[in-house]
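Chain and residue survey
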Amino acid sequence: MVDDHEVVHDGLRALAGREPDLEFLGAATTLGEGEGLVARTRPDVALVDLRIGERGGGSGIELCRALTRAPDAPAVVIFSAYGNRDLLAQAIDAGASGYMLKETSVSRVPGILREVVTAGSWFEPRIAGELLQRRRAAPGSATFSERELAIVHGIGRGESNHEIGERLHLSSHTVKYHVASMLRRHGCGRRAELVRVAHDLHLLDEG
């Protein structure tokens, strides 16, 4: 847990103590401490406060980006008081595997953390739905962003999400999110169909 409020640390520690499959590995109150803690403990999930480090010119988004680029990166869940789709988009672009609001019921937290580990991601449904609708309605939304095309190139070469992520310096969770988003947007049922769609739009070269 990376948050500058000790009461939040205590709450998560107590919560983990009641769950047989959750272990609280430690807490940090600054960006630097957070990086060090993750490097030492190698958690499955790092829960990071969105606003951590703002007084020093940093942010939880910045820490997320640093953590997800490291070898054996954990799944990073941004913990935020703001139900803002623009902030969610920033978190996803930084490699976050989840975005959880601080108003979330404590009883739901263990299930959310488990879903991040087992399914690869969990984003507050209301905000994620708004973001997806906005991206669908945006000009050019029927095509692909530069990052999405790079992912589709990897799919065409037979790369796994992990291999694509290593090449693009993204977490496999972020790649998975982008693939799922493209499948929904283009009405595809399989990853390979994305390659066909991009090819038909003349967006893929021989490479």
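Before reading on, note that the structure itself is shown above.
Now for a quick tour of the structure. Since the model is a prediction, treat every value here as computed from it, not as a measurement.

What follows deals with the pattern of salt bridges. Applying the stated criterion across every chain, the model contains 9 salt bridges. The residue Asp-10 makes a salt bridge to Arg-13 at a minimum N-O spacing of 3.0 Å. A residue pair is termed a helical-turn pair when its members lie 3 or 4 positions apart in one helix, as Asp-10 and Arg-13 do in helix H1 (residues 6-17) at 3 residues. Here Asp-10 falls in the partly exposed class, since its relative accessible area comes to 44%. For the salt bridge of Arg-157 with Glu-159, the shortest nitrogen-to-oxygen distance reads 3.4 Å. With a relative accessible area of 43%, Arg-157 lands in the partly exposed category.

To continue, consider the side chain of Asp-49. Within the secondary structure, Asp-49 is located in strand E1 (residues 45-49). Its relative accessible area of 5% is what places Asp-49 among the buried residues. Those residues in contact with Asp-49, other than ones at most four positions away along the chain, are Val-2, Asp-3, Asp-4, Gly-60, Phe-79 and Lys-102.

Okay, unusual backbone geometry next. The general pattern is negative phi for most residues beyond glycine and trans for most peptide bonds. Located in the positive-phi region is Arg-42, a residue other than glycine, with phi close to 50 degrees. Topologically, Arg-42 is positioned in the loop between helix H2 (31-41) and E1. A positive phi angle, near 60 degrees, is found at His-169, a position not held by glycine. Note on placement: His-169 falls in the loop between helix H8 (161-168) and helix H9 (172-186).

Position of Glu-124 among the secondary structure elements: in the loop between strand E4 (122-123) and helix H6 (125-137). At 4.7 Å, Arg-108 is the nearest oppositely charged side chain to Glu-124, a buried residue that forms no salt bridge. The contact partners of Glu-124, leaving out residues within four places of it in the chain, are Tyr-99, Leu-101 and Thr-104.

Quick look at the pairing of strand E3 (residues 98-101) now. The side-chain alternation of E3 yields two buried faces, one formed by Gly-98 and Met-100 and the other by Tyr-99 and Leu-101. Where strand E2 (residues 75-80) and E3 come together, 4 bridges link them in parallel fashion. Counted as the bridge partner of Ser-80 is Leu-101 from E3. In terms of handedness, the path from E2 via helix H4 (residues 85-93) over to E3 forms a crossover that is right-handed. Where E3 and E4 come together, 2 bridges link them in parallel fashion. Counterpart to Tyr-99 in the pairing with E4 is Phe-123. What joins E3 to E4 is helix H5 (residues 109-119), and the crossover it makes is left-handed.

Analysis parameters
Residues numbered from 1 in each chain as written. Predicted model: local features only at pLDDT ≥ 70, side-chain atom pairs only at ≥ 80, totals over all residues. Heavy atoms only, no water. Salt bridge = Lys/Arg side-chain N within 4 Å of Asp/Glu carboxyl O. Helix = DSSP H or I, 4+ residues; strand = E, 2+ residues; numbered from the N terminus. Buried < 20%, exposed > 50% of the residue type's maximum accessible area, 1.4 Å probe, protein only. Contact = heavy atoms within 4.5 Å. Lys, Arg positive; Asp, Glu negative; His and termini not counted. Pairing = 2+ DSSP bridges. Right-handed = clockwise from strand over helix to strand, strands pointing away.

Note that every value here comes from positions in space, so none of it alone points to a role or purpose.
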